[in-house]
Amino acid sequence: MLAYFISDLHLDPSRPALKDILLRFLAARAGDADALYILGDLFEAWIGDDDTDALADDVAHALRALSEAGTAIYFICGNRDFLLGRAYAARACMRRLPDPSVIDVGGTVTLLTHGDALCTSDTAYQNFRKQVRDPVWQAAFLSQPVAVRRAYAAQARAASAEHQRGMSSTISDVDDCAVESLLASYGVDRLIHGHTHRPTEHEHIVANRRTQRIVLADWRESGEALAVSERGVTRVELS
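Everything numeric in this text was worked out from a predicted model, so none of it was measured. (Residues numbered from 1 in each chain as written. Predicted model: local features only at pLDDT ≥ 70, side-chain atom pairs only at ≥ 80, totals over all residues. Heavy atoms only, no water.)

Regarding the overall build of the chain
Note the cut-off: Runs of H or I in DSSP of at least four residues are treated as helices and runs of E of at least two as strands, each being numbered from the N terminus. Within these notes, the globule rule equals 2.2 Å times the number of residues to the 0.38 power, and the radius of gyration is based on C-alpha atoms. Burial status follows relative accessibility: with a 1.4 Å probe on protein chains alone, a residue under 20% of its type maximum counts as buried, one over 50% as exposed, and anything between as partly exposed. Using a 1.4 Å probe, accessible areas were evaluated by the Shrake-Rupley method; residue-level cover was limited to the displayed protein chains.
Within the chain one finds eight helices and eleven strands. For the chain, the C-alpha radius of gyration of 17 Å lies close to 18 Å, the compact-globule estimate for 239 residues. In terms of overall dimensions, the chain has C-alpha extents of about 50 × 45 × 30 Å along its principal axes. Within the chain, buried positions represent 47% of all 239 residues. If you sum the accessible surface of the chain, you get close to 11,300 Å²; carbon and sulfur atoms cover 49% of it.

Section: the nonpolar core
Test applied: What is meant by a nonpolar core is a set of buried Ala, Val, Leu, Ile, Met, Phe, Trp, Tyr and Cys residues, joined one to another through side-chain atoms within 4.5 Å. Whether two residues are in contact is decided by their heavy atoms, any of which lying within 4.5 Å being enough.
Of all hydrophobic cores here, the largest spans 43 residues; its most connected members are L22, F25, L36, Y88 and M94. Counting residues per element, this core draws most heavily on helix α2 (residues 54–68), which supplies seven residues. Every residue in contact with F25, bar those within four places of it in the chain, is listed here: Y4, I6, A30, L36, A225 and L238. Formed by 16 residues, the second largest nonpolar core is a distinct cluster that contains F5, L112, I192 and I214.

A short note on the pattern of salt bridges
Formally: Counted as salt bridges are all cases of a side-chain nitrogen of Lys or Arg within 4 Å of a carboxyl oxygen of Asp or Glu.
This model, assessed by the stated rule, comprises 14 salt bridges. Notably, a salt bridge pairs D58 with K19, separated by 2.8 Å at the nearest N-O pair. In this pair, D58 sits in helix α2 while K19 sits in helix α1 (residues 16–27), placing the two residues 39 residues apart along the sequence. On the basis of relative accessible area, D58 is assigned to the partly exposed category, the value being 31%. Judged by its relative accessible area of 17%, K19 is buried. Members of the salt-bridge network, linked through shared partners, are D116, R129 and R133.

Side note on the sheet that holds strand β7 (residues 190–193)
Cut-off, in case you're wondering: Here a strand pair is declared whenever DSSP counts at least two bridges between the two strands. Axis lines are fitted to C-alpha atoms, over the contacting stretch for helices. Their N-to-C directions set the angle, which ranges from 0 to 180 degrees.
Strand order across the open sheet formed by five strands is β5-β6-β7-β9-β8, with mixed pairing between neighbours. Strand pairing shows two members of the sheet lacking a second neighbour, β5 (101–105) and β8 (200–206), which therefore form its edges. The average undirected angle you get between the axes of adjacent strands in this sheet is 25°. Packed on one face of the sheet, helix α8 (residues 176–186) meets β5, β6 (108–113), β7, β8 and β9 (209–215) and runs near 65° to β8.

Concerning the side chain of T71
For the record, the criterion: Residues adjacent in sequence count toward polar contacts only when both atoms are side-chain atoms; beyond that, a polar contact is any pair of N or O atoms within 3.5 Å, and within protein one must be able to donate a hydrogen and the other to accept it.
Tracing the sequence through the fold places T71 in the loop between α2 and β3 (72–75). Reaching out from T71, the side chain makes a polar contact with the backbone oxygen of A33 at a distance of 2.8 Å. Excluding anything up to four places from it in sequence, T71 contacts A30, G31, A33, D34, A35, L36 and L66.

With respect to the pairing of β7
Side chains R190 and I192 project from β7 onto one buried face, and the interleaved L191 and H193 project onto a second face that is buried too. One ladder, built from four bridges, connects β7 with β9; its direction is parallel. Counted as the bridge partner of R190 is Q212 from β9.

Details of the environment of F5
Within the element layout of this structure, F5 appears in strand β1 (residues 3–6). Taking the relative accessible area as the measure of exposure, F5 reaches 0% and is therefore buried. Taking C-alpha positions, F5 is 20 Å from D58, a pair spaced 53 residues apart along the chain.

Here's the deal with the packing of α1 against α2
Put simply, the test is: Oblique is the label for any angle not under 35 degrees, not over 145, and not in the 65 to 115 range, which are roughly parallel, roughly antiparallel and roughly perpendicular in turn. By definition, turning the near helix anticlockwise from the far helix through less than a right angle yields a left-handed crossing, and turning it clockwise yields a right-handed one. Classes in brief: Ala, Val, Leu, Ile, Met, Phe, Trp, Tyr, Cys and Pro nonpolar; Asp, Glu, Lys and Arg charged; the others, Gly included, polar.
Contact pair α1 / α2: the axes reach a minimum separation of 9 Å and the direction vectors enclose 15°. The angle between α1 and α2 places the two elements in the roughly parallel class. Our pair here, α1 against α2, has a crossing hand that is left-handed. Note on element contacts: α2 touches α1 through L55, D58, V59, A62, L63 and L66, opposite K19, L22, L23 and L26. Classifying every residue of the contact of α1 with α2 by side-chain character gives eight nonpolar, no polar and two charged.

Treat this as a map of the structure, not an account of what it does.
Below, the structure written as structure tokens:
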């Protein structure tokens, strides 16, 4: 089995080159895989499935074509697109997975998560995350007019950028204790996540068990996919 993993594309109309990279990947290389896992922040912002535009339409069309060609597509929401719901997932032929989720890929039991819940030192963000993941809050937000939601999203992005600007790298990264607690709970051999924009590999020893943690790359001038199979793990540059 071959599976690709991507995250943190932050697709936005202001960066059309990233959409083009994704569409080329979906039309060509991704078709070699049995599955594609999108681990959050596919879009820079998502204020509800009713706020579709040309970007969202193009991505949904390309994902549907990949699915119809035989590659299963799975999606875990991120901190930017946590409101992506059943309607858009159906349009794109994506199956939404809970965060975290356990899969077997290439014969290795693997835990998948976006990664933001592991940044426990950033208490201000964790309080915000708890608020916006509340179904009551989400229902109230989605009941507002699209224009109001767009304005809120713009303000939230600006506040997030300001919050990140003065933060140390330690606070904005995942917390080792949170990671190892999660690994102990699931007893897996590998953890794959995104969110931190710090692509690398780590090793954790939990209860005398050696576990690999792989951090996915965010997309900037180019993209990156993680290819996983029984032969191993490879980072694939996309352009």
